[in-house]
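# Structural characterization, general
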Amino acid sequence: MSKYIFYIFSFLLFYFITENSFAIQPSINAGDVFPDISMKGEFTAEDKKYLGFLDQKTYHLSNVKSDFLWIEIFSIYCPVCQKYADKLNTLSGLIQRDDFVNKNIKMIGIGAGNNNKEVEHFRKYFNVSFPLIPDPDFKIHKAMKETRTPLIVIVDKRSKPYKILVVQDFFKEPESLFEEIKTQLINHVIP
């Protein structure tokens, strides 16, 4: 009988520890600050053109020629990130085809804990159509309260410091995400 009590106690202890650890998981919310990060990595000529980078030696979010940013924090080792990569490529296509949205927002992926090689592998394997940058030391990930990946946010660069407008639900279909992005831009761009 005591063996069963031990197993039940162990199970309950494990359950309460894991439940509480999920309960205290920090979250990112609208209104939180997003840092003006240094963007290191290997940018293609297309990436530079898309982001509006000139021939500077260093790049920051402040250098991106757009008032709003759509940012995904992902990891090459995150199965959810892998699963939804195709959806986000579809979203990128929707943004590119809409003149108003494309003019006002740029998409960037940040590889939490990923180096240049890993980010490039993710980009090629999943045919990612928007710029990806590495975050090998988890600096950006730490600034985002070490929240789980994927994290998708819309950032308003017009505010100082930069503010997160929306935390997007990556489970939504690309068309729903696109409509949410467009609505946010209409509400914040058009007076």
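Residues numbered from 1 in each chain as written. Predicted model: local features only at pLDDT ≥ 70, side-chain atom pairs only at ≥ 80, totals over all residues. Heavy atoms only, no water.

## Quick word on the confidence of the model for the protein chain
When pLDDT is averaged along the protein chain, the result is 85; 86% of the residues meet or exceed 70. When mean pLDDT is taken per element in the protein chain, helix α4 (residues 99-104) scores highest with 96 and helix α1 (residues 2-23) scores lowest with 42. Here residues 6-25 is a poorly scored stretch, pLDDT under 50, and it has four contacts once near neighbours within four places are set aside; other chains count. (pLDDT = per-residue confidence, 0-100. Helix = DSSP H or I, 4+ residues; strand = E, 2+ residues; numbered from the N terminus. Contact = heavy atoms within 4.5 Å.)

## What about the side chain of arginine 123?
Looking at where arginine 123 falls in the secondary structure, it is placed in helix α5 (residues 116-125). In terms of polar contacts, arginine 123 uses its side chain to reach the side chain of aspartate 47, at 2.6 Å. If near-sequence neighbours (up to four positions away) are discounted, arginine 123 is found in contact with Thr44, Asp47, Val128, Phe130, Pro131 and Leu132. (Polar contact = N/O pair within 3.5 Å; in protein donor to acceptor, adjacent residues only side chain to side chain.)

## Description of helix α3 (residues 79-97)
Over its 19 residues, α3 extends 28 Å from the first C-alpha to the last, a length consistent with the 27 Å expected when each residue adds 1.5 Å. When the local axis directions of α3 are compared, the greatest deviation, roughly 45°, occurs at alanine 85. All buried positions along α3 are accounted for by Cys81, Tyr84, Ala85, Lys87, Leu88, Asn89, Leu91, Ser92, Gly93, Leu94 and Ile95. Of the surrounding elements, those touching the buried residues of α3 are β1 (68-74), α4, β2 (105-112), α5, β4 (151-156) and α7 (174-189). (Expected span 1.5 Å × (residues − 1). Bend = angle between axes of the 7 residues up to and from the residue. Buried < 20%, exposed > 50% of the residue type's maximum accessible area, 1.4 Å probe, protein only.)

## What about α5?
If you check which residues of α5 are buried, you get Glu118, Val119, Phe122 and Arg123. Each buried residue of α5 sits inside an arc of 135° when the element is viewed along its axis, so together they form one side. Turned more than 90 degrees off the buried face of α5, the exposed positions are Lys117, Lys124 and Tyr125. For α5, the elements touching its buried residues are α2 (45-51), β1, α3, β2 and β3 (132-135). (Arc of directions from axis to C-beta.)

## Some details on the pattern of salt bridges
For the structure shown, the criterion picks out six salt bridges. Linking lysine 182 and aspartate 98 is a salt bridge whose minimum nitrogen-to-oxygen distance equals 2.8 Å. Here lysine 182 is found in helix α7, whereas its partner aspartate 98 is found in the loop between α3 and α4, with 84 residues between them in sequence. Exposure remark for lysine 182: the relative accessible area of 23% places this residue in the partly exposed category. We note a salt bridge from glutamate 180 to lysine 172, for which the minimum N-O separation is 2.8 Å. What makes lysine 172 partly exposed here is its relative accessible area of 32%. (Salt bridge = Lys/Arg side-chain N within 4 Å of Asp/Glu carboxyl O.)

## Description of the sheet that holds strand β5 (residues 163-168)
Pairing is mixed in the open sheet, where five strands are placed in the order β3-β2-β1-β4-β5. Here the strands that pair on one side only, and so sit at the sheet edges, are β3 and β5. Between one strand axis and the next, the sheet turns by 30° as a mean value, whatever way the strands run. Bridge count for β1 against β2 is seven bridges, and the pairing is parallel. Looking at β2, one finds that phenylalanine 68 is bridged to isoleucine 105. α5 rests against β1, β2 and β3 of the sheet, and its axis sits at about 145° to β3. Along the sheet, α7 contacts β1, β2, β4 and β5; its crossing angle with β5, the most-contacted strand, is approximately 155°. (Pairing = 2+ DSSP bridges. Axes fitted to C-alpha atoms, helices over the stretch in contact; angles between N-to-C directions.)

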